[in-house]
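The primary structure of each chain is shown beneath.
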Amino acid sequence: MFRLNCRPLTGALLVLVSIFALVGFAGDDGGLWHTNFEEAKAKARAENKLLLVDFTGSDWCGWCIKLKQEVFDQEAFKKQAPQQFVLVELDFPRGTQLPEELKKQNDQLAKRFAVSGFPTILLLDAEGQLIARTGYRAGGPDEYLKHLAEFVTAHETIVRMRGQVAGVQGLDRAKLLDQLIEAYGKLGVEPDDAKTWTTEIIALDAENKAGLRLKYEFRQLVSEADALKKERKFEEAKTMYGRALQLSGISGEQKQDAYFAQGECLFYAKDFVGVVVCLKQAEAAAPESSKVATIQAMIQRFAPTAEAQETVAKLKGDLDAAQGLDRARILDQLLDARTTLSQAIPDPDLPRDTIAWAREIVALVADNDAGLKSKYSLRVLLTDAQQLTRDQKLDEAHAALDEALAIPGVAGESLLDLHLAKAKCYAAQEEFEKCLEACQKALDAAPASPRVQSVKSQMRTAQAELDKRKAKEPSEPETPKPSATN
């Protein structure tokens, strides 16, 4: 993890920083980075340059600091970038106070350009219109300059093609509009005309002779689905992605993207069985795509949750008709599956159902079939003892815990829990020596358990109480020494 040790600026240094900010320069680069957006635009117009704008959290954002150190502070960047760009830093610090006007400007620009994270790097024309959007990239100044050069080339291509659009008709116009949309895609932005152009392309290639009607019908449906998903209308979005998948002739990679997006909708709906189904469909749609490794990793991640969810649904269906030992076994399996599932989906009813079903299992199982009676008797006794301790019925709590400790085969974390409960019971009785002894038995039972910290905390509390007692005990009077006689 990148670590930053910042000290807040005070006194004269803060005054100097504020002066630099007000006159329009950031940092110590001799005016390389501007902070006044309007002045930077005027400079870009006068010098026929583009604006390179850095939205940064200079004193707290690790990736911002990393980008500055690896790229912006490097001599290669400081020498080459200003030849083509007017550099603008829009800072959102936490350790320093910006002048009010500067803060207001930066906030307005972040809102205007929908900046949702840092660093965000924008390439703008001299009028402040968005050309491209990017962020941190590894590789140092040379790679970053190359990345920006690709944006410039794509922008110049777009400017040229936009000048040609008015003079082109029919299928050629559809092809040119397609090239324009693809060029914008390389810049990471969507043109304001995208919807209009999409509708026009579909109409101009109505017979799909250039394959554009199908391409843009798919894109149109996906765009509508994306908008629904952004509004958290996940069921409607999933249906819209389904309509896109029904289009005949779409490519494997298009199918892969749509299935993946459907899986995202199901994730937010907490349907992990559906998530895994969609991810497997996405994998099968384009098994050679660059996205397959990511998809496979996600399948592996969500498969256990999906299996638990499927198991819970099946067992719930089987439970109503089951009786006796069969019902006890189903309840046992259902508790295990719900415990697994609760790691992905909060299950606030699980603690209540666990103790209720544990009591039912104990009642249903007479002969400790498959160890169920012992397993759940222990849970019931431990829960009862914990409640008795809270109710200050401490002798009854000890009796319940002793009964649980007498169950054959209790070991590991179960044994730790019982001894820890005994320790808390002793603490409530202010028998802190016995509390420490019980804690030590808990540690010995499962020394690698995550709950060891709880045991140690209880030990520290008990030891502190013993130390207080010792401090209050009166010291024994010293026996006077006999005086020496001649």
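For the structure, check the block above.
The written sequence of each chain sets the order in which its residues are numbered from 1. Where local features are concerned, this predicted model is filtered to residues with pLDDT of at least 70; where side-chain atom pairs are given and counted, the filter is 80 or more; whole-chain, interface and lining totals use all residues. For the side-chain quantities, the full set of heavy atoms in the structure was used; hydrogens and water were omitted.

(A) Inspection of helix H17 (residues 394-405) at higher detail. For H17, spanning 12 residues, the distance from its first C-alpha to its last is 16 Å, which sits close to the expected 16 Å at 1.5 Å a residue. Per-residue accessibility, obtained with a 1.4 Å probe over protein chains only, is compared with the maximum for each type, and a residue is labelled buried under 20%, exposed over 50%, and partly exposed between these values. By definition, any uninterrupted DSSP run of H or I lasting at least four residues is a helix, any uninterrupted run of E lasting at least two residues is a strand, and each is numbered from the N terminus. Here H17 has its buried residues at Leu394, Ala397, His398, Ala400, Leu401 and Ala404. Along the long axis of H17, the arc covered by the buried residues comes to 160 degrees, so they all point the same way. The outward face of H17, more than 90 degrees from its buried face, is lined by the exposed residues Asp395 and Glu403. In this analysis, two residues are considered to be in contact whenever any of their non-hydrogen atoms come within 4.5 Å of each other. Along its buried surface, H17 packs onto helix H16 (372-390) and helix H18 (412-428). One less than the residue count of a helix, multiplied by 1.5 Å, gives the span that helix is expected to have. The arc refers to the directions leading from the helix axis to the C-beta atoms.

(B) Representation of the packing of H16 against H18 within the structure. One way to put it is that H16 packs onto H18 with a least axis distance of 10 Å and a crossing angle of 20 degrees. Considered as vectors, H16 and H18 are oriented roughly parallel to each other. Regarding H16 and H18, the two cross each other, and that crossing is left-handed. Across from Leu378, Leu382 and Thr389 in H16, the residues of H18 making contact are Ser414, Asp417, Leu418, Ala421, Lys424 and Cys425. Residues are grouped as follows: nonpolar covers Ala, Val, Leu, Ile, Met, Phe, Trp, Tyr, Cys and Pro; charged covers Asp, Glu, Lys and Arg; every other residue, Gly included, is treated as polar. Residue classes in the contact of H16 with H18 are distributed as five nonpolar, two polar and two charged. Whenever a helix is involved, its axis is fitted only over the stretch in contact; in every case the axis is a line through C-alpha atoms, and angles between N-to-C directions fall within 0 to 180 degrees. Under this scheme an angle from 65 to 115 degrees is roughly perpendicular, one under 35 degrees roughly parallel, and one over 145 degrees roughly antiparallel; angles in between are oblique. Note on convention: the crossing is left-handed when the near helix lies turned anticlockwise from the far helix by less than a right angle, right-handed when the turn is clockwise.

(C) Representation of the environment of Leu245 within the structure. As for its position among the elements, Leu245 is in helix H10 (residues 234-245). What makes Leu245 buried here is its relative accessible area of 16%. The spacing of Leu245 and Gln281 is 36 residues in sequence and 11 Å in space, taken between C-alpha atoms. Contacts of Leu245, omitting those with residues within four sequence positions, involve Ile250, Lys255, Ala258, Tyr259 and Gln262.

(D) Summary view of the pattern of salt bridges. Note on definitions: salt bridges are taken to be side-chain nitrogens of Lys or Arg within 4 Å of carboxyl oxygens of Asp or Glu. Following the criterion strictly, the structure yields 34 salt bridges and no others. Between Lys375 and Asp336 there is a salt bridge, with the nearest N and O atoms lying 3.9 Å from each other. Here Asp336 lies in helix H14 (residues 324-341) and Lys375 lies in helix H16, a separation of 39 residues in the sequence. Asp336 sits in the partly exposed class, given a relative accessible area of 38%. Notably, a salt bridge pairs Arg352 with Asp349, separated by 3.9 Å at the nearest N-O pair. Looking at Asp349, the relative accessible area reads 36%, which means it is partly exposed. Shared partners join several salt bridges into a network, and the residues in it are Arg338, Asp347, Asp349, Arg352 and Asp353.

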